[in-house]
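# Examining the three-dimensional arrangement
Spelled out, the chains give:
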Amino acid sequence: KSRRAGGQKNPMVLTLANKLEERTVTAQDLEIAKEILRTKFLVGLTSKFHESVQRFNHYFGFDNGYVDRKCEEGSHKNKNTASNYIPVEEGSEEWDLLMKIYDLDMQLYEYAIQLFE
């Protein structure tokens, strides 16, 4: 049986909390996911792509620009990889539905932004 969080609510929290077999996610799972994110990940944001690349260069001890050059050489020129991406307007019916499905994942994302800053 494949262990993945696809099709479930809050798949990121489920994955980080190692609850892939579960159907429900709790506030405690969110706290576990936050702790794992804080202690085991180096956070980068596509909205702050250049700053993220600089952070990776510094963290991994690459010469200034190594990751920049690799990104330019590779397929990372376009930060948004979903070619059929359709923006969802905040406050729309679609937005509200996504927030209901991914409520804890969104809280985890907000936490990731805090960690980045």
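Residues numbered from 1 in each chain as written. Predicted model: local features only at pLDDT ≥ 70, side-chain atom pairs only at ≥ 80, totals over all residues. Heavy atoms only, no water.

### Here's the deal with helix α2 (residues 27-40)
- For α2, spanning 14 residues, the distance from its first C-alpha to its last is 20 Å, which sits close to the expected 20 Å at 1.5 Å a residue.
- Residues of α2 that are buried: Asp29, Leu30, Ala33, Lys34 and Leu37. For α2, the angular spread of the buried residues around the axis is 140°, confining them to a single face. Those residues of α2 that are exposed and angled more than 90 degrees off the buried face are Gln28 and Lys40.
- Packed against the buried residues of α2 are α1 (11-16) and α6 (103-116). (Helix = DSSP H or I, 4+ residues; strand = E, 2+ residues; numbered from the N terminus. Expected span 1.5 Å × (residues − 1). Buried < 20%, exposed > 50% of the residue type's maximum accessible area, 1.4 Å probe, protein only. Arc of directions from axis to C-beta. Contact = heavy atoms within 4.5 Å.)

### Looking at the pattern of salt bridges
- Tallied over the full model, the rule gives four salt bridges.
- We note a salt bridge from glutamate 35 to arginine 38, for which the minimum N-O separation is 2.8 Å. Of the two residues, glutamate 35 and arginine 38 are both situated in helix α2; the distance of three residues between them amounts to about one turn of the helix.
- You can call glutamate 35 partly exposed: its relative accessible area is 39%.
- The exposure class of arginine 38 is partly exposed, given its relative accessible area of 46%. (Salt bridge = Lys/Arg side-chain N within 4 Å of Asp/Glu carboxyl O.)

### Concerning the environment of arginine 55
- Structurally, arginine 55 can be placed in helix α3 (residues 49-60).
- Of the residues examined, arginine 55 reaches a relative accessible area of 24% and is grouped as partly exposed.
- Between the alpha carbons of arginine 55 and leucine 42 there is a distance of 8.7 Å; along the sequence they are 13 residues apart.

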